[in-house]
Amino acid sequence: MKKHIVLCIIFLLPILSFSQSINSKAIQITNNLDANYVDVTGTKIKIIPPKGFIKSTSYMGFSHQIAGSSIVITEIPGDVNRNFIGFDKKFLFKSGVIVEEETFYQINGYDALLIKGQQAAYGKTYIRLMLVIGDIYRTYLLSASMLSTSSDKHINEVKTSLLGVIYDPEKKSDITDRFDFTVDVSGTILKKANLMLSSLTYTDDGNVPSKTSEKTSMTIRKSTMTKSVSDDEKKVLCKQLFEMYPLEWVADMKQDPKTITIGNLSGYEIYSMGKNKELYKMELIYQTVLFDNLDYYVITGITYGKFEENLALFKKVTKTFKPVK
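Report follows, based on the coordinates. Because the structure is predicted, anything quoted here is derived from the model rather than measured.

### Concerning the overall build of the chain
When you go through the chain residue by residue, the secondary structure sums to six helices and 21 strands. Relative to the 2.2 N^0.38 estimate, which gives 20 Å for 325 residues, the radius of gyration of the chain is 22 Å and therefore close to what a compact globule would have. Based on the C-alpha atoms only, the size of the chain along its principal axes is roughly 60 × 60 × 40 Å. Split into buried and exposed, the 325 residues of the chain put 47% on the buried side. For the chain, the distance from the average position of its 41 positive side-chain charges to the average position of its 35 negative side-chain charges is 2 Å.

Have a look at this one:
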């Protein structure tokens, strides 16, 4: 027993000392709630969006279409101090972000880290501001992206917005409230995932990624097209989305999308099996794309086992899809 206690203490020492070092040099900020704050649906945070930013319809956050800037908000499970370690310079460099500055804060008593850097993508250079904030139970990442040609005023307005965040762990929230659509997974193995990005996500054990041998998951996401397209173009889009997965498809399994109608929406369904090129395992991919004017919803099921059983599961859940107007 004593040995077990000593090991636990040794394991906790790096985290405790890291937390203490943060508190010793953190800049204190107090934010007071007022009418300018906007509730970020399905989270425990509120922010004042920078000038010109509006709520995004394709991800959780805000966008400035003219300036080409965005603030994407992500919830990460676990202790914020432990998650700080995952945002070190080496890790971010691997993802293409060159860190220029790191500053620790305590915002309304909660530990926070602001990271400033640059990232090249799509032939352009972006300024990245990332605020990580939370407590021992959960962490939020507010990730802002702006063109390197943005004015100092615009950059400072975004920074002020991030540092103006109010995290309220007592605020009632449900991550599914972020989405304007629902599916019914009752009576199935699927559980609401503990991590959601821009997709409504379910897995067979609630973890992302799943820790089971089958690693069964379903995701539903919404996107918006810039113009109307023909039925043939919709079918092509469905095939292009499907073929993005890194699989060597089984030759005798047909991969041509079939028409499907669910409620008032129609689209295309496609599924097939193949060997994952990275994991060298057989994998089943199921996909349905439903169209609603310029919006379209992509429903994807993935599993590494119990293929017939899980294919039936994917089809069953997909048929329960409903947009929430």
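### So, helix 4 (residues 152–163)
The first and last C-alpha atoms of helix 4 sit 16 Å apart over twelve residues, in line with the 16 Å expected at 1.5 Å per residue. Listed in full, the buried residues belonging to helix 4 are His154, Ile155, Val158, Ser161, Leu162 and Leu163.

### Quick look at the pattern of salt bridges
For the structure shown, the criterion picks out six salt bridges. For the salt bridge of Asp39 with Lys46, the shortest nitrogen-to-oxygen distance reads 3.9 Å. We classify Asp39 as partly exposed; its relative accessible area is 30%. Each of Asp39, Lys46 and Lys171 takes part in one network of salt bridges that share partners.

### Overview of the packing of aromatic side chains
Under the criterion given, the structure shown has eleven aromatic pairs. An angle of 65° between the planes, with centres 5.9 Å apart, marks the rings of Phe84 and Phe104 as edge-to-face. Remark: Phe104 occurs in strand 7 (residues 97–107) and Phe84 occurs in helix 2 (residues 80–84); sequence separation between them is 20 residues. Of the two residues, Phe84 and Phe104, neither departs from the other in class, the shared state being buried. Pairing Tyr297 with Phe321 gives two aromatic rings, centres 5.0 Å apart and planes at 55°, and the pair type is tilted. Here Tyr297 is found in strand 20 (residues 295–303), whereas its partner Phe321 is found in the loop between helix 6 (307–318) and strand 21 (322–323), with 24 residues between them in sequence. For the pair formed by Tyr297 and Phe321, the shared burial category is buried. The rings of Phe179, Phe181, Tyr297 and Phe321 are connected pair by pair, giving a single aromatic cluster. Against the face of Tyr304 rests Lys281, its NZ or CZ located 4.8 Å from the ring centre.

### With respect to the sheet that holds strand 3 (residues 45–47)
Through backbone hydrogen bonds, the strands of a sheet pair up, either in parallel or in antiparallel fashion. Ordered in space as 2-3-11, the three strands form an open sheet in which the pairing is antiparallel. Since the sheet does not close on itself, it has two edges, and those belong to strand 2 (38–39) and strand 11 (166–167), each with one partner. The sheet contact formed by strand 3 and strand 11 spans two bridges and is antiparallel. Within the sheet, the bridge partner assigned to Ile45 lies in strand 11 and is Tyr167.

### Notes on the side chain of Ser161
Within the secondary structure layout, Ser161 lies in helix 4. The residues touching Ser161, leaving out its near neighbours within four places in the chain, are Ile47, Ile48, Pro49, Pro50 and Ile71.

How each quantity is defined
The written sequence of each chain sets the order in which its residues are numbered from 1. The predicted origin of the model limits local features to residues at a pLDDT of at least 70 and limits the giving and counting of side-chain atom pairs to 80 or more, whereas totals for whole chains, interfaces and linings rest on all residues. Side-chain numbers here rest on the full set of heavy atoms in the structure, without hydrogens or water. Here a strand is any run of E in DSSP of at least two residues, a helix any run of H or I of at least four, and the numbering for each starts at the N terminus. Here the radius of gyration uses the C-alpha set of atoms, whereas the globule reference equals 2.2 Å times the residue count to the power 0.38. When a residue's accessible area, from a 1.4 Å probe over protein chains only, is under 20% of the maximum for its type it is buried; when over 50% it is exposed; and in between it is partly exposed. None of His or the chain ends enter the tally, which takes Lys and Arg as positive and Asp and Glu as negative. A charge is said to be at NZ when it belongs to Lys, at CZ for Arg, at CG for Asp and at CD for Glu. One fewer than the residue count of a helix, multiplied by 1.5 Å, yields its expected span. For salt bridges, the criterion is a side-chain nitrogen of Lys or Arg within 4 Å of an Asp or Glu carboxyl oxygen. Centre distance within 6.5 Å is the pairing criterion for rings of Phe, Tyr and Trp, where only the six-membered ring of Trp is used; planes under 30 degrees apart are then read as stacked, over 60 as edge-to-face, and the remainder as tilted. Consider the ring centre and the ring normal. A charge sits over the ring if Lys NZ or Arg CZ is within 6 Å of that centre and within 35 degrees of that normal. We call two strands paired when DSSP finds no fewer than two bridges between them. Contact between two residues is taken to exist if any of their heavy atoms lie within 4.5 Å; hydrogens are not considered.

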